[in-house]
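Take a look at the letters that make up each chain.
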Amino acid sequence: MSKTAKFKIIVAIVSISFIQGLQYSVSPILGQISEHYPNVDVSLVQMLITAPALLSIIVSILSGFLVVKISVKKLLLIGAVIAGVTGFLPLLADNFWLLFVSRTVYGIGLGIATTMNVAVVAEFFEGNVRAQVMGIQAASVGAGVAVVSTLGGMLGRHVFTNSYFINVIGFIAFVLIAVCLPDTGTVKETESEKIRLNRKVFMIDLFGVLEFIFLMSFTTNIAMHISGSLAGNTTVSGNLTGIFSGAQIVIGLLLGMIAKRAGRMTLPLAMFSFLAGAAILVAFPASFPMLAVGAVLCGFSQGMFVPTALTELSNSVPQVATAMASASFTCAMNLGQLISPYALNTTSGVLLGETTTGNVYIIAVIGMAVSTVLAVIWKMSSARKENS
């Protein structure tokens, strides 16, 4: 593959990642949305970030099978259009349910982008280059979230609906995918390579659910968690989300070096990073420097966990099953995101007596601590079986 062809494919991968980043376009304005619609339950407002996961789960599974009927490129072009259109629909009327439904339908584009992005990397790159490009892919997701959340916060600072204009990214991505990504046709099954998953895939999926149940507490609560002189400032919440995403970029670019040192314990390390970051958020809700440190550690968690999990998945199945393995992991991530607000809010209310953002983060810290220990046990058990 020539350097020009490789560069163009990476540009397409980055543009797909920006479609994924649109999931967080409303993150910095959740506080304003909650104030604007006072009769809407706060959990529903928080689900504006996680609701896309509902359709994304279904679409991810379908995409894993559709690759034998429709090319990856065509699926991605459809997803880009859906992302752009649904982003602008809430401008048609001042209605929470129009916003909620639009965000949910965006999940179609999100599911296609998340599943097919990994399939693109697996199709065009192999070996160490695949791991490197997977890190770039994860970093570009972080870049997409950083751009979307930071610019969204700036656009919506005075009139929150102005932040919807950030969804023009969907149409820009459509153009870049059309120009830069080769169309290699549909995927073909053979007798030796069939669309099948294995135990390792399902174990990674399980930890993906746990990771995102707790990790999503950062983006769904940070705008309402900041207190003191920072309270209600969408620029501050947007900047913190941007820092969270920027940390993903940095860790994604350094992932190869970190994975060499951490080895099979890279996934547990990623989970521990969130644990530490969320603990800082609990302790310092009114200090921007400390909140920024917490955001960095939370961003490190996602930036390490997702590409590491996807690399392990793509290496454990035949290429024809890569899209399905990615789809299963996408379902796991989205399931975690979808149930996160209700699971954490309900648990904090039952166990700690009150549903506050601080209590939610405490539950997230405890839950991630248990999950990290389980991940370490699984990795150690797998190592013993491989060596025996």
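Read on for a plain summary of the structure.

Parameters and conventions
- Residues numbered from 1 in each chain as written.
- Predicted model: local features only at pLDDT ≥ 70, side-chain atom pairs only at ≥ 80, totals over all residues.
- Heavy atoms only, no water.
- Helix = DSSP H or I, 4+ residues; strand = E, 2+ residues; numbered from the N terminus.
- Rg over C-alpha atoms; globule rule 2.2 N^0.38 Å.
- Buried < 20%, exposed > 50% of the residue type's maximum accessible area, 1.4 Å probe, protein only.
- Contact = heavy atoms within 4.5 Å.
- Areas by Shrake-Rupley, 256 points an atom, 1.4 Å probe, with all protein chains shown as cover.
- Lys, Arg positive; Asp, Glu negative; His and termini not counted.
- Charge placed at Lys NZ, Arg CZ, Asp CG, Glu CD.
- Phe/Tyr/Trp six-rings, centres within 6.5 Å; stacked < 30°, edge-to-face > 60°.
- Patch = residues over 30% accessible without salt bridge, like charges linked within 9 Å, V, L, I, M, F, W, Y side chains within 5 Å.
- Salt bridge = Lys/Arg side-chain N within 4 Å of Asp/Glu carboxyl O.
- Expected span 1.5 Å × (residues − 1).
- Bend = angle between axes of the 7 residues up to and from the residue.
- Polar contact = N/O pair within 3.5 Å; in protein donor to acceptor, adjacent residues only side chain to side chain.
- Core = buried A, V, L, I, M, F, W, Y, C linked by side-chain atoms within 4.5 Å.
- Axes fitted to C-alpha atoms, helices over the stretch in contact; angles between N-to-C directions.
- Left-handed = near helix turned anticlockwise from the far one by under 90°.
- Nonpolar A, V, L, I, M, F, W, Y, C, P; charged D, E, K, R; others polar.
- 1 Å grid on protein atoms, 1.4 Å probe; cavity = no way out; pocket = protein on both sides within 12 Å on 5 of 7 lines; lining within 4 Å.
- Points joined across faces, edges and corners; volume = space filled by probe spheres on them.
- Parallel < 35°, antiparallel > 145°, perpendicular 65-115°, else oblique.

## Remarks on the overall build of the protein
A tally of helices and strands in the protein yields 15 helices and 0 strands. For 388 residues, the compact-globule estimate of 2.2 N^0.38 gives 21 Å, and the C-alpha radius of gyration of the protein, at 20 Å, lies within 12% of that figure. Each of the 388 residues in the protein was classed as buried or not, and the buried ones make up 57%. Pairs at least 24 residues apart make up 84% of the contacts formed inside the protein by residues separated by at least 6 positions. Counting only carbon and sulfur atoms, one obtains 68% of the accessible surface of the protein, whose full area is about 15,200 Å². Taking the 20 positively charged and 14 negatively charged side chains of the protein as two groups, their mean positions are separated by 10 Å.

## Here we look at the packing of aromatic side chains
Using the criterion set out here, one finds 10 aromatic pairs in the structure. Between F96 and F100 the ring centres are 6.0 Å apart and the planes differ by 35 degrees, which places this aromatic pair in the tilted class. Taken together, the residues F96 and F100, both in helix α6 (residues 96–124) and 4 residues apart, mark about one turn of the helix. Among the aromatic residues, ring-to-ring pairing joins Y37, F96, W97 and F100 into one connected group.

## Some words on the environment of I169
Here I169 shows up in helix α8 (residues 169–180). Each residue touching I169, except ones within four places of it in the same chain, is listed here: F18, L22 and V148.

## Some points on a nonpolar patch on the surface
On the surface, a nonpolar cluster with roughly 880 Å² of combined accessible area is contributed by V81, V85, L89, L92, V168, F171, I172, F174, V175, L176 and V179. Of all elements in the fold, only α5 (72–88) and α8 reach the threshold of two or more residues within the nonpolar patch. Sort the elements by how many residues they give to the nonpolar patch and α8 lands first, with 6 residues.

## Some words on α6
In this model, α6 (29 residues) spans 42 Å end to end at C-alpha, consistent with the 42 Å of a helix rising 1.5 Å per residue. Taking the largest bend as the criterion, α6 deviates by roughly 30 degrees, centred on G109. Taken across its 29 residues, α6 has 23 buried, putting it largely inside the fold. You can read the cap of α6 off the contacts: a side-chain oxygen lies 2.8 Å from the backbone nitrogen of W97, and it is on N95.

## Here we look at the nonpolar core
Taken as a class, soluble globular proteins show a tendency for nonpolar side chains to be buried jointly. Counting residues in hydrophobic clusters, the biggest one holds 112 residues, and the most contacted among them are I33, L48, L76, F96, V120 and F329. Not counting chain neighbours up to four residues away, the residues in contact with F329 comprise I204, D205, G208, F305, V306, A309, L310 and L313.

## Let's talk about the side chain of S102
Structurally, S102 can be placed in helix α6. With near-sequence residues (within four places) excluded, S102 lies in contact with T86, L89 and P90.

## A word on the packing of helix α13 (residues 288–316) against helix α14 (residues 322–352)
Orientation of α13 relative to α14, taken along the N-to-C sense of each, is 145 degrees, at an axis distance of 9 Å. Crossing hand, α13 versus α14: right-handed. Contacts between α13 and α14 involve F305, V306, A309, L310, L313 and S314 from the first element and T322, A325, F329 and M333 from the second. Looking at the contact of α13 with α14 residue by residue, the class counts come to 8 nonpolar, 2 polar and no charged.

## Some words on empty space enclosed by the protein
Taken as a whole and judged by the stated rule, the model has 3 cavities of 30 Å³ or more. The computed volume of the largest cavity comes to approximately 250 Å³. Around the largest cavity, the lining is made up of 21 residues, and of these Q20, V141, Q302, V306 and M333 lie nearest the centre. Going through the elements one at a time, α1 (3–21), α6, α7 (127–155), α13 and α14 are the ones with two or more residues in the lining of the largest cavity. Sort the elements by how many residues they give to the lining of the largest cavity and α13 lands first, with 5 residues.

## Some thoughts on the packing of helix α4 (residues 52–66) against α6
As a packed pair, α4 and α6 sit with axes 7 Å apart at the nearest point and diverge in direction by 40 degrees. By the angle between their axes, α4 is oblique relative to α6. The chirality of how α4 crosses α6 is right-handed. In contact with P52, L54, L55, S56, V59, S60 and S63 of α4, α6 contributes R103, T104, V105, Y106, G107, I108, L110, G111, I112, T115 and M116. Considering only residue class, the contact of α4 with α6 consists of 10 nonpolar, 7 polar and 1 charged.

## Let's talk about the side chain of T220
With respect to the helices, strands and loops of the structure, T220 is situated in helix α9 (residues 199–225). T220 gets classed as buried once you look at its relative accessible area, which sits at 2%. At 3.1 Å, the side chain of T220 and the side chain of N221 are in polar contact. When residues no more than four places from it in sequence are discounted, the contact partners of T220 are L30, Q46, I49 and T50.

## Section: the layout of surface pockets
Size it by volume and the largest pocket reaches roughly 480 Å³. Taken together, 21 residues make up the lining of the largest pocket; nearest its centre are A131, L255, G256, A259 and T311. Among the elements of the structure, α7, α10 (234–253), α11 (255–262) and α13 are those that each provide at least two residues to the lining of the largest pocket. Grouping the amino acids of the lining of the largest pocket by side-chain chemistry returns 6 nonpolar, 11 polar and 4 charged. Empty space within the second largest pocket amounts to approximately 220 Å³. Along the walls of the second largest pocket sit 14 residues, with A119, E123, V187, Q319 and V320 positioned nearest its centre. Within the residue set of the lining of the second largest pocket, elements represented by two or more residues are α6 and α14. It is α6 that provides the largest number of residues to the lining of the second largest pocket, a total of 3 residues. Considering only residue class, the lining of the second largest pocket consists of 7 nonpolar, 5 polar and 2 charged.

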